[in-house]
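Geometric and topological summary
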Amino acid sequence: MGKTSIYFPTWASPWVAKSSDMDLAKLPQTVPGVGIVYLSFADPTCTYIKQQRNFNGTGIQFSQDFSVVAGAIKILKDAGVVVMLSVGGGAYWSGSKQYNAKNCVDLMNDLGCQGIDIDWEGHADRDYELTDALVDTKKYLAAGQFLCFAGFSTGAYGKDGDTYKGSAIHAMLNANGIIDWINIMAYDAGSSFDPLGAFDCYKIYYSGPLYLGFQPGVQGWGGHLTTSDEVKKHTEYVKAAGDKHGIFVWCHGKTGTPNATQIMAMTFAILKGGVVAPPPVIVPPPVVVADMTCPVCKTGYKRV
């Protein structure tokens, strides 16, 4: 599986009549090194019925016919790209607490996607809800299909009353065995946020593959501007942490200097080969077996 991945906003894909003409189908030619594509976003309250074969009630906003999109996904898969259906996003999760896992998996299967990504944002009044979403989804996935989630920037920090801090901890402790990888939304957290510290915090709880996220240009919250130097530094750090880790970009088509395609090219080149600069020395605590203190925010967290 590729180590560079990108979220694909379904609402921004221009209408075409043929699968081969879709910008989605052309990603392997236009986005260097793309290994995983996340179709964004399905609504958690999805009412899709198996073999329905249209996007009514799904939250997916493609203007193309269902068969055209399914054909484009097949083109990607034939090129060796993994295609995931991403469920959630900030707007959808904040609008409802309901999650129809079976409907989402039926939509995923009819499209020909290879797994579900739970994009978990702004819906954390109880920290075990993400765990429930993962467990419910896993029940309907077939052998060989993937399950991952996108965790909030501070989702592995110690809890201090903030809605988002520590919001991924319960899932990592209690659904670890069913998660294939985790995407860390290391953006929209302001200029003081340390993505590498967040990466190390997630490593405390989860030993599997971690994908560190980049957002091109001025970020949607906090005003931080992603630079080429940051992309290089953070990707080198991820590479030095082990071959299983990777990066992702939110999202295809987003502008900036560097833009989404340029970030994908830079990170692919670094992860594929080249000289890796020594990362900063950060010694994380051992794997949690009892009460702990977060190495970044210094907040105590009691294991549940």
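Located above this text is the structure these notes cover.
Only a predicted model underlies this, so the values are computations on that prediction, with no experimental measurement involved.

As for the sheet that holds strand 8 (residues 246-249)
- Pairing within the closed barrel is parallel, and its eight strands lie in the order 1-2-3-4-5-6-7-8. When the angles between neighbouring strand axes are averaged without regard to direction, this sheet yields 25°.
- By the bridge criterion, five bridges tie strand 4 (residues 115-119) to strand 5 (residues 146-151) in an arrangement that is parallel. Along strand 5, the bridge assignment pairs Gly-115 with Phe-146.

Concerning the pairing of strand 7 (residues 210-214)
- With five of five residues buried, strand 7 lies mostly within the body of the structure.
- Going residue by residue along strand 7, you find Leu-210, Leu-212 and Phe-214 tucked away on one face and Tyr-211 and Gly-213 tucked away on the opposite face as well.
- Both strand 6 (residues 181-184) and strand 7 contribute to a ladder of three bridges, which runs parallel. Bridge pairing in strand 7 places Ile-182 opposite Leu-210.
- After leaving strand 6, the chain enters helix 7 (residues 195-205) and then returns to the sheet as strand 7, a path that is right-handed.
- For strand 7 and strand 8, the ladder comprises four bridges, and the chain directions are parallel.

Some details on the pairing of strand 6
- Residue alternation in strand 6 divides its side chains into two sets, Trp-181 and Asn-183 and Ile-182 and Ile-184, and both sets are buried.
- In the sheet, strand 5 pairs with strand 6 via four bridges, with the strands oriented parallel. From the neighbouring strand, Phe-149 faces strand 6, where its bridge partner is Ile-182.

Some remarks on the nonpolar core
- Leu-24, Val-37, Leu-39, Ile-116 and Ile-118 are the most contacted members of the largest nonpolar core, which totals 78 residues.
- Of the residues forming this core, the biggest block, seven residues, is contributed by helix 7.
- Residues in contact with Ile-116, not counting those within four places in the same chain, are Met-84, Leu-85, Val-87, Tyr-99, Cys-104, Val-105, Met-108, Thr-137, Leu-141, Phe-146, Leu-147 and Cys-148.
- Phe-41, Cys-148, Phe-248 and Cys-251 belong to the second-largest nonpolar core, a separate cluster that totals 15 residues.

Reading guide: rules and limits
In every chain, residue numbers begin from 1 and rise along the written sequence. It should be noted that, the model being predicted, local features are given only for residues of pLDDT at least 70 and side-chain atom pairs only at 80 or more, the latter also being counted only at that level, while totals for whole chains, interfaces and linings use all residues. Computation of side-chain values covers all heavy atoms of the structure but excludes hydrogens and water. By definition, two strands form a pair when at least two bridges between them are found by DSSP. Put simply, DSSP H or I for four residues or longer makes a helix, DSSP E for two residues or longer makes a strand, and each gets a number counted from the N terminus. Here, axes are lines fitted to C-alpha atoms. For helices the fit covers the stretch in contact, and angles between N-to-C directions go from 0 to 180 degrees. Burial classes follow relative accessibility: with a 1.4 Å probe on protein chains only, a residue under 20% of its type's maximum area counts as buried, one over 50% as exposed, and anything between as partly exposed. Crossovers are described as right-handed under a simple rule: with the strands pointing away from the observer, the path leading from the first strand over the helix to the second runs clockwise. By convention a nonpolar core is built from buried Ala, Val, Leu, Ile, Met, Phe, Trp, Tyr and Cys residues, the set being connected through side-chain atoms within 4.5 Å. What makes two residues a contact is simply this: any of their non-hydrogen atoms within 4.5 Å.

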